[in-house]
Amino acid sequence: MRVISGKCKGRHLQAVPGMSTRPTTDKVKEAIFNMIGPYFSGGVGLDLFGGSGGLGIEALSRGLDLVIFVDYDAKAVKTIKKNVAACGLQDQAEIYRNDAERALKAIVKRGLCFHVIFLDPPYKEQKLPSLLSFIDAHHLLEKDGVVVAEHAAEIRLPEQIGGLYKWKQETYGITAVSIYRYTDEEKGE
């Protein structure tokens, strides 16, 4: 695994030890950023199932100002901290050990809103519809922001959840990526 583009291009990233996480492949990561960017002029991101931190670090490398990383696995949190430090991005990262639902509730209390939200939960625990519903209900996404949901290819996510609609979906082998944004009506256009 490596950082593909931006100011940290070429930096190698460590994987989380053991078999508890499934890192996003470089091929899928590059495809995601080609769909949503490929670069950003600031903004805040959330990497909710951080794993090794690869998606959030890539977003920082490509121009986000800050990314909040969350993972429940202590080994994953330790790996994110190492990878963020190896890329010199400590001042642009907040890293927390927490489960997704509790982290989202804490984010609501802080009044945060995100330009990009990465959701890559374990494939066997399909929580994506409920997470997307929570994000929509609590307005955690900026009006022009995107939610990137990575899931097993055989999973079909709803076309619309609240004000969020599936903008793009691509499949890469056993992995699918669904990208949600607000409808034009929700954006007030």
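Look up: the structure comes first, before these words.
Nothing here was measured: the structure is a model prediction, and the numbers come from that model.

A. Summary view of the pairing of strand S5 (residues 141-152). The buried count for S5 comes to nine of twelve residues, which makes it a mostly enclosed element. By the bridge criterion, five bridges tie strand S4 (residues 114-119) to S5 in an arrangement that is parallel. When the sheet's bridge partners are listed, Phe 118 is paired in S5 with Val 148. Examined bridge by bridge, S5 and strand S8 (residues 175-182) share six bridges and lie antiparallel to one another. Opposite Glu 150, over in S8, you have Val 177 as the bridge partner.

B. Seen up close, the sheet that holds strand S3 (residues 93-97). The sheet built from eight strands is open, its strands ordered S3-S2-S1-S4-S5-S8-S7-S6 with mixed pairing. The open sheet has two edge strands, S3 and strand S6 (160-161), and neither has a second partner. Examined bridge by bridge, strand S1 (residues 44-47) and strand S2 (residues 66-71) share four bridges and lie parallel to one another. Looking across to S2, one finds that Leu 46 is bridged to Ile 68. Of the strands in this sheet, S1, S2, S4 and S5 are in contact with helix H2 (residues 54-61), which crosses S2 at around 175 degrees. Taken strand by strand, helix H5 (residues 128-137) contacts S4, S5, S6, strand S7 (164-172) and S8, and its axis lies near 175 degrees from that of S5.

C. Quick peek at the nonpolar core. Ranked by internal contacts, the top residues of the largest apolar core, which has 29 residues, are Ile 32, Ile 36 and Phe 118. Apart from residues no more than four positions distant in its own chain, Phe 118 is found in contact with Ile 32, Phe 33, Ile 36, Leu 46, Asp 47, Leu 48, Phe 49, Leu 55, Gly 56, Ala 59 and Val 148. Core analysis: the next-biggest nonpolar cluster, separate from the first, contains 26 residues, Val 70, Leu 128, Leu 131 and Ala 149 among them.

D. Local environment of the packing of aromatic side chains. This structure, assessed with the given rule, holds two aromatic pairs. Ring pairs connect the aromatic residues Phe 33, Phe 40 and Phe 118, which therefore count as one cluster. A cation sits over an aromatic face here: Arg 181 above Trp 167, 4.3 Å from the ring centre.

E. Examining the pattern of salt bridges more closely. Tallied over the entire structure, the rule returns six salt bridges. Between Arg 2 and Asp 26 there is a salt bridge, with the nearest N and O atoms lying 3.6 Å from each other. On the criterion of sequence distance, the pair formed by Arg 2 in the segment before helix H1 (26-36) and Asp 26 in helix H1 is long-range, its members being 24 residues apart. For Arg 2, a relative accessible area of 32% puts it in the partly exposed group. In this structure, Arg 110 engages Glu 94 in a salt bridge whose closest nitrogen and oxygen atoms are separated by 2.8 Å. Of the two residues, Arg 110 sits in helix H4 (residues 100-110) while Glu 94 sits in strand S3, which places them 16 residues apart along the sequence. Put simply, Arg 2, Asp 26 and Lys 29 are held in one network by salt bridges that share partners.

Analysis parameters
Every chain is numbered independently, its residues counted from 1 as its sequence is written. Since the coordinates come from a predicted model, pLDDT governs what is reported: local features require at least 70, and pairs of side-chain atoms require 80 or more to be given and counted, while whole-chain, interface and lining totals use all residues. Working from all heavy atoms in the structure, the side-chain values ignore hydrogens and water. Each residue's exposure class comes from its accessible area (1.4 Å probe, protein chains only) as a fraction of the maximum for that residue type: buried when under 20%, exposed when over 50%, partly exposed otherwise. For helices the rule is a DSSP run of H or I covering at least 4 residues; for strands it is a run of E covering at least 2, with both sets numbered from the N terminus onward. Should DSSP find at least two bridges between two strands, the strands are regarded as paired. Any two residues having at least one pair of non-hydrogen atoms within 4.5 Å are treated as being in contact. Lines are fitted to the C-alpha atoms to define the axes, a helix being fitted only along its stretch in contact, and any angle between axes, read from their N-to-C directions, falls within 0 to 180 degrees. The term nonpolar core refers to a set of buried residues drawn from Ala, Val, Leu, Ile, Met, Phe, Trp, Tyr and Cys, joined through side-chain atoms within 4.5 Å. Two aromatic rings, drawn from Phe, Tyr or Trp (for Trp, its six-membered ring), form a pair once their centres lie within 6.5 Å of each other, and the interplanar angle then sorts them: stacked below 30 degrees, edge-to-face above 60, tilted otherwise. Both a distance and an angle decide whether a charge sits over a ring: NZ of Lys or CZ of Arg must be within 6 Å of the ring centre and within 35 degrees of the ring normal. When a carboxyl oxygen of Asp or Glu lies within 4 Å of a side-chain nitrogen of Lys or Arg, that pair is called a salt bridge.

Honestly, it's all geometry; don't read function into it.
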